[in-house]
Amino acid sequence: MSHLSTRRPGNSLLTRVTSALAVLVAAWGSAAAGQALPGARGNVPGEWRVWGADLWSTRYSPLDQINAENFRSLQVAWKWNAGAFGKDEYYRTTPIYANGRLFTVATTRRVAMALDPATGETLWMWRLDEGIRWQKAPRQFAGRGLSYWTDGRKERIIVITPGYHMASLDAKTGIPDPKFGKNGVVDLMEGLGMPLVPLAVDDSGSLIISDAAPARRAKPGEKWDPVTKTGADGTIGIDPSYGQIANSSPAVIVNDVIVLGNSSIHGYYPIRVRNIPGFIRGFDIRTGKQIWKFNLVPQPGEFGAETWERGSRIGDEGVGKNDAWATYSADPELGMVYIPVGMPLMDEYGGHRPGANLYGNSIVALDAKTGVRKWHYQMVHHDIWDYDTPMAPNLLDVTIGGQPRKILAATTKQGWMYVFDRATGKEIWPIVETPVLQSQVPGEKTWPTQPIPSRPAPYAQQGLAESDLIDYTPAIRDSALKLARRCQMGPYYIPPNLTDGSTPNGFRCSWYAPGASGGVNIDGGAAVDVETGMMYVGAQSGLSTIMLQKDPCSEFRYSSPRDNCGLIGALPPPPGYQPPTSGERGGGFERRAGASRIGGISILKPKQFGGITAYDMTTGDKSWWAPNGGFMNPTSNDPLFAGVTLPPTTPGGQAQILATKTLMIYGTGRNGGVPNAKPMLFALDKKTGQQVGSVEIPARTTALPMTFMHQGKQYIVFAMGAEENTALVALTLPPPPNGRGAGSPPRPEER
Amino acid sequence: MRTLLSMCIIALPGVVSAQANGETTGSVRTTRSGVYTADQATKGREIYSLSCVSCHAAVTHTGPAFAAKWHGQRLSELYQYIVEFMPKADPGSLSPEEYTLVLAYLLRMNGMPAGAQALPVDTTALGRIRIDLKATRDTTLR
């Protein structure tokens with residue numbers, strides 16, 4: 001393991017200028033940082049110190065230099081080419097701005113960087129060589145960002161690497177803090193109660209979704225072969241027989257405690273029925289010392305262990321995941337941190353883990369100093385739909401029924417928002433345990449009820465009922481119904497069926513809405529107007545199918561259609577095994593009745609779902625709705641639709657939203673917006689949802705945008721691109737002509 | 001005419017008789033005859049990275065296992081499969097052009113050569129292209 005920390009050379013003049021400015025800004029920042037500024041929520045007004053703008057994850061900025069009048073005149077101030085430092089998947093990072101610098105991560109190595117906010121010039125960079133820990137990391141990408149802390153004198157950037165190390169870097173220089181951990185780095189695989197061993201690999205590739213081609217324990221004396229790039233490279237990590245662990249989101253720092261968790265393997269097609277569960281831990285910001293640990297799969301004797309009917313020990317069959325992989329929020333005054341917890345192992349079959357499976361799919365409120373659980377709420381019992389809690393809950397102070405309330409609103413994949421008193425966990429509006437369909441798949445024991453919020457109303461399609469189907473003519477309705485009946489229908493939480501039709505109901509599939517990406521996913525989620533109590537939820541609403549079959553080379557009795565045979569780490573093929581002859585690995589799609597379109601037209605009636613839904617959180621009512629990037633006018637060559645004028649439909653994808661003093665601003669997301677349309681950033685009126693501005697951008701946003709004020713100019717910065725074409729783009733207003741201020745309205749011809 | 005057509009088939013590697021594959025009209029090319037452009041594959045790679053890669057490793061779309069399922073099928077079958085089932089959360093939500101670009105990238109991933117002719121956004125035309133993955137390099141077991 002070796003560090004690489006570099007500062008930009010040959011910048012003496014600029015450095016001096018920047019340093020001078022930094023001192024000035026720091027003087028103001030230091031006064032601000034140590035105080036509980038009214039409404040600052042762990043942020044300094046005009047800055048963006050936390051992934052979600054502030055510890056409350058409001059994504060709100062009080063800035064108003066960019067407004068409805070001048071939004072269209074926004075220009076690219078700079079474009080920072082992250083791809084120059086290495087490849088990535090898609091660029092899923094939201095940078096942070098603190099005390100005059102912009103901080104980000106980039107590339108599959110998750111390099112930490114500081115940029116000059118005015119020019120996009122790289123100020124410093126830091127990365128860690130993690131060997132096999134990186135090669136076999138389940139989340140080998142730049143990640144969603146990093147964390148900032150200051151006591152008014154010292155400034156630190158906290159980054160968690162793909163190989164699960166945590167570094168504390170001097171925000172001014174990028175140099176690791178020698179008083180933190182070992183030379184600035186904490187090995188996060190330590191302190192979890194699992195043995196660390198020398199690691200080795202049998203191939204030169206990455207982990208294959210979900211847990212195929214993993215690392216293994218090195219043999220005694222095993223060496224690295226530089227030609228085949230296999231063997232043991234000296235890396236130490238958790239014994240791979242326990243499974244894999246990773247990280248994809250930044251820590252949250254509250255009251256001088258770094259609170260972090262972990263992510264896990266993808267749960268799509270796992271081979272092994274046990275893996276490492278989720279943990280939340282607190283670390284001292286100054287020393288990196290672990291203060292506390294909270295088990296997201298409660299261990300024997302802990303509250304909730306009984307919700308794992310066959311045992312909850314690490315290594316027990318069915319135990320794994322429940323990882324809180326998304327970002328977190330916190331209330332420093334209450335001293336609480338709010339953890340959105342993902343689902344247990346694996347995504348669509350729970351037969352190996354009967355029970356409610358706490359704390360899967362829960363919001364868990366912990367005391368940030370001690371890690372003691374204050375309250376929790378499980379939003380999906382015994383999840384078999386991949387309904388991870390995908391987003392930091394939003395915290396608001398609003399008046400409801402004449403009473404001031406401190407609330408927490410969790411937006412979720414399942415299309416519902418769950419709202420609680422964040423001090424007590426008590427529901428703001430009733431959430432009703434409601435009987436749901438039960439699985440007929442052998443071994444599966446679905447939970448009899450699921451909690452359904454009485455309000456707010458959902459923002460995404462819920463299951464599939466006959467009334468949801470297109471019915472423009474009787475023939476269209478009959479065709480849609482015939483197609484719909486090929487899979488099991490229902491209101492929500494429809495359990496999967498077996499592809500061979502052997503469940504007693506005879507179905508080979510089930511309708512799946514919202515799907516595994518929501519509803520809300522980490523791409524989307526909500527921004528809050530802290531002044532009005534409005535929430536703006538970016539979500540998608542689609543219709544797909546869910547089904548199960550046996551993977552012949554997996555330990556799972558059933559999983560989503562897949563054939564892992566032949567991959568490193570898979571079970572040997574059973575006697576008489578024949579590879580599938582059509583469809584994706586084991587898919588056999590010709591037997592799967594999954595299509596939800598006729599002649600290219602969805603069988604779902606267009607509804608005001610997905611896109612952007614605004615809620616008045618003082619009442620829980622929907623205020624307005626807007627599509628993600630505009631409407632589409634579908635056409636079909638299918639004779640079924642001849643002579644029918646089809647209503648407009650709405651694009652998919654997750655709108656990526658922030659709110660300012662005067663605007664709700666969003667990008668359409670990596671796969672959102674009207675297909676083939678130019679990539680745009682939009683501005684909406686916060687009260688009405690009417691579009692008041694738009695500006696073309698170099699490419700679609702791939703992560704949540706952020707905004708800040710730097711040297712008197714407001715910037716909007718967002719990530720874009722994938723592979724070697726990743727970049728951060730900064731927008732700002734054009735230079736003021738004729739001495740007019742940057743925020744002055746443009747002349748009419750500029751509009 | 002028939003003789004001339006036969007000569008053309010012999011002269012163009014990767015082109016086989018449609019009748020031999022049960023088709024009644026038109027000639028059938030294979031994916032080895034440059035059925036997509038390099039530009040399409042490059043654009044398709046970006047869409048793949050934005051919309052697919054978070055659920056799929058590229059290794060699951062290449063190698064003998066992938067070949068076992070798709071070798072000999074018409075490209076329209078693979079196209080239709082992707083349109084009907086992908087992206088997982090909202091199948092059919094990409095435009096036909098975008099699906100075609102992803103298809104071009106899948107062909108490049110599998111070592112199929114690019115050519116001068118663009119992959120058509122037309123399932124009928126895609127039905128005249130046969131997937132030939134017989135000698136695909138084994139990348140699955142790396």
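Residues numbered from 1 in each chain as written. Chains lettered and ligands numbered in written order. Predicted model: local features only at pLDDT ≥ 70, side-chain atom pairs only at ≥ 80, totals over all residues.

Moving on, we get to the overall build of chain A. Each helix and strand counted, chain A has three helices and 45 strands in total. What you see for chain A is a C-alpha radius of gyration of 25 Å, in line with the 27 Å of a compact globule of 751 residues. Dimensions of chain A along its principal axes, counting C-alpha atoms only, are 75 × 75 × 55 Å. Counting across all 751 residues of chain A, residues that qualify as buried make up 57%. Partitioning the intrachain contacts of chain A with sequence separation of at least 6 by distance along the chain shows that 64% fall at a separation of at least 24. (Helix = DSSP H or I, 4+ residues; strand = E, 2+ residues; numbered from the N terminus. Rg over C-alpha atoms; globule rule 2.2 N^0.38 Å. Buried ≥ 20, exposed ≤ 12 C-beta atoms within 10 Å, placed from the backbone. Contact = placed C-beta atoms within 7 Å.)

The helix and strand tally for chain B stands at six helices and three strands. Listed by position from the N terminus, the elements making up chain B come as α-β-β-α-α-α-α-α-β. Out of the 142 residues in chain B, the part that is buried amounts to 46%. In chain B, once contacts between residues fewer than 6 apart in sequence are set aside, the share between residues at least 24 apart is 75%.

Here the focus is the interface of chain A and chain B. Between chain A and chain B, the contact holds 39 residues from the first and 33 residues from the second. Looking at the side of chain A that touches chain B, the elements that each hand over two or more residues are β3 (88–90) and β44 (722–723) of chain A. Looking at the side of chain A that touches chain B residue by residue, the classes come out as twelve nonpolar, 19 polar and eight charged. (Nonpolar A, V, L, I, M, F, W, Y, C, P; charged D, E, K, R; others polar.)

A separate point is the pairing of strand β18 (residues 279–284) of chain A. Residue and element names in this part refer to chain A. Buried residues dominate β18, accounting for five of its six residues. Where strand β17 (residues 257–260) and β18 come together, four bridges link them in antiparallel fashion. Each residue of the ladder has a partner; that of isoleucine 258, found in β18, is phenylalanine 283. Pairing between β18 and strand β19 (residues 290–295): five bridges, direction antiparallel. The residue bridging phenylalanine 279 from the neighbouring strand is asparagine 295, located in β19. Counting the residues between successive antiparallel strands, the hairpin from β18 to β19 contains five residues, one of them, glycine 288, with a positive phi of roughly 80°. (Pairing = 2+ DSSP bridges.)

Residue and element names in this part refer to chain B. Here chain B averages 75 in pLDDT, and 75% of its residues register 70 or above. Ranking the elements of chain B by mean pLDDT puts helix α1 (residues 2–11) last, at 35, and strand β3 (residues 129–130) first, at 95. Scored below 50 in pLDDT, residues 1–24 shows 25 contacts in the model against residues more than four places distant or in partner chains. Below a pLDDT of 50 lies the segment residues 136–142, which in the model reaches 23 contacts outside its immediate sequence neighbourhood of four places, other chains included. (pLDDT = per-residue confidence, 0-100.)

What follows concerns the pairing of strand β39 (residues 663–667) of chain A. Residue and element names in this part refer to chain A. Burial analysis of β39 places five of its five residues in the buried class, the great majority of the element. Side chains of β39 alternate between two faces, with Leu663, Ile665 and Gly667 and Met664 and Tyr666 buried alike. Of the pairings in the sheet, the one linking strand β38 (residues 656–659) to β39 comprises four bridges and is antiparallel in character. Looking at the pairing, glutamine 656 lines up with glycine 667 of β39. The pairing of β39 with strand β40 (residues 680–685) spans five bridges and is classified as antiparallel. Residue leucine 663 lies in a different strand from β40, and its bridge partner there is aspartate 685.

Val259(A), Val337(A), Tyr536(A) and Leu103(B) are the most contacted members of the largest nonpolar core, which totals 226 residues. Ranked by residue count, the leading element in this core is helix α5 (residues 96–109) of chain B, at nine residues. Among residues more than four places away in sequence, those in contact with Val259(A) are Ala251(A), Val252(A), Val254(A), Ile280(A), Gly282(A), Tyr328(A), Val337(A) and Ala368(A). In terms of nonpolar packing, the next biggest core, distinct from the first, is built from twelve residues, Ala212(A), Tyr269(A), Cys553(A) and Val59(B) among them. (Core = buried A, V, L, I, M, F, W, Y, C linked by C-beta atoms within 7 Å.)

A few words on the sheet that holds strand β29 (residues 497–498) of chain A. Residues and elements named next belong to chain A. With mixed pairing, the three strands of this open sheet are ordered in space as β29-β33-β30. Unpaired on one side and paired on the other, β29 and β30 (510–512) mark the two borders of the sheet. Pairing between β29 and strand β33 (residues 544–548): two bridges, direction parallel. Within β33, the position partnered with asparagine 497 by the bridge is methionine 547.

All names here are of chain A. Of the consecutive residues arginine 455 and proline 456, the connecting peptide bond is found in the cis state with omega at 0°. Mapped onto the secondary structure, proline 456 falls in the loop between β28 (449–453) and α3 (474–484). In this model, glycine 518 is joined to glycine 519 through a cis peptide bond whose omega is 25°. Structurally, glycine 519 is set in the loop between β30 and β31 (525–529). A positive phi angle is found at alanine 53, which is not glycine, with a value near 85°.

Residue and element names in this part refer to chain B. Contact geometry of helix α4 (residues 75–85) with α5 gives a least axis separation of 10 Å together with a crossing angle of 120°. Comparing the axis directions of α4 and α5 gives the class oblique. Of the two possible hands of crossing, α4 and α5 adopt the one that is right-handed. Across from Leu75, Leu78, Tyr79, Ile82 and Val83 in α4, the residues of α5 making contact are Tyr99, Val102 and Leu103. Along the lines of polarity and charge, the residues of the contact of α4 with α5 split into eight nonpolar, no polar and no charged. (Axes fitted to C-alpha atoms, helices over the stretch in contact; angles between N-to-C directions. Parallel < 35°, antiparallel > 145°, perpendicular 65-115°, else oblique. Left-handed = near helix turned anticlockwise from the far one by under 90°.)

This next bit is on the environment of Gly42(A). All names here are of chain A. Within the secondary structure layout, glycine 42 lies in the loop between α1 (12–33) and β2 (75–81). With 213 residues separating them in the primary sequence, glycine 42 and asparagine 255 have C-alpha atoms 9.4 Å apart. For glycine 42, the contacting residues outside a window of four places in its chain are Arg49, Val50, Asp54, Leu55 and Pro332.

In this section: the sheet that holds strand β9 (residues 155–160) of chain A. All names here are of chain A. Taken together, the four strands give an open sheet; going across it, the order is β8-β9-β10-β11, and neighbouring strands pair in antiparallel fashion. Of all the strands in the sheet, the pair left with one neighbour each is β8 (147–150) and β11 (185–187). Taken over all neighbouring pairs, the strand axes of this sheet differ in orientation by 20° on average, direction set aside. Pairing between β8 and β9: four bridges, direction antiparallel. Residue pairing for β9: tryptophan 149 is matched across the bridge by arginine 156.

For the rest of this paragraph, the subject is the environment of Ser49(B). All names here are of chain B. Within the element layout of this structure, serine 49 appears in helix α2 (residues 38–51). Note on serine 49: 25 C-beta atoms within 10 Å, which makes it buried. Along the chain, serine 49 and glutamine 117 lie 68 residues apart, while their C-alpha atoms are 24 Å from each other.

Residues and elements named next belong to chain B. Two numbers describe how α2 lies on α5: the axes approach to 7 Å, and their chain directions differ by 105°. The angle between α2 and α5 falls in the class roughly perpendicular. Here Gln40, Ala41, Lys43, Gly44, Arg45, Ile47 and Tyr48 of α2 lie close against α5, whose contacting residues are Glu98, Leu101, Val102, Ala104, Tyr105 and Arg108. Each residue belonging to the contact of α2 with α5 can be placed in one class, and the counts come to seven nonpolar, two polar and four charged.

Our focus in this paragraph is α2(B). Residue pairs spaced three or four apart in an α-helix point in one direction, given the helix's 3.6 residues per turn. Over its 14 residues, α2(B) extends 20 Å from the first C-alpha to the last, a length consistent with the 20 Å expected when each residue adds 1.5 Å. With respect to burial, α2(B) is a largely interior element, ten of its 14 residues being buried. Gln40(B), Ala41(B), Gly44(B), Arg45(B), Glu46(B), Ile47(B), Tyr48(B), Ser49(B), Leu50(B) and Ser51(B) are the residues of α2(B) that are buried. For α2(B), the secondary structure elements touched by its buried residues are β3 and β44 of chain A together with α5 of chain B. (Expected span 1.5 Å × (residues − 1).)

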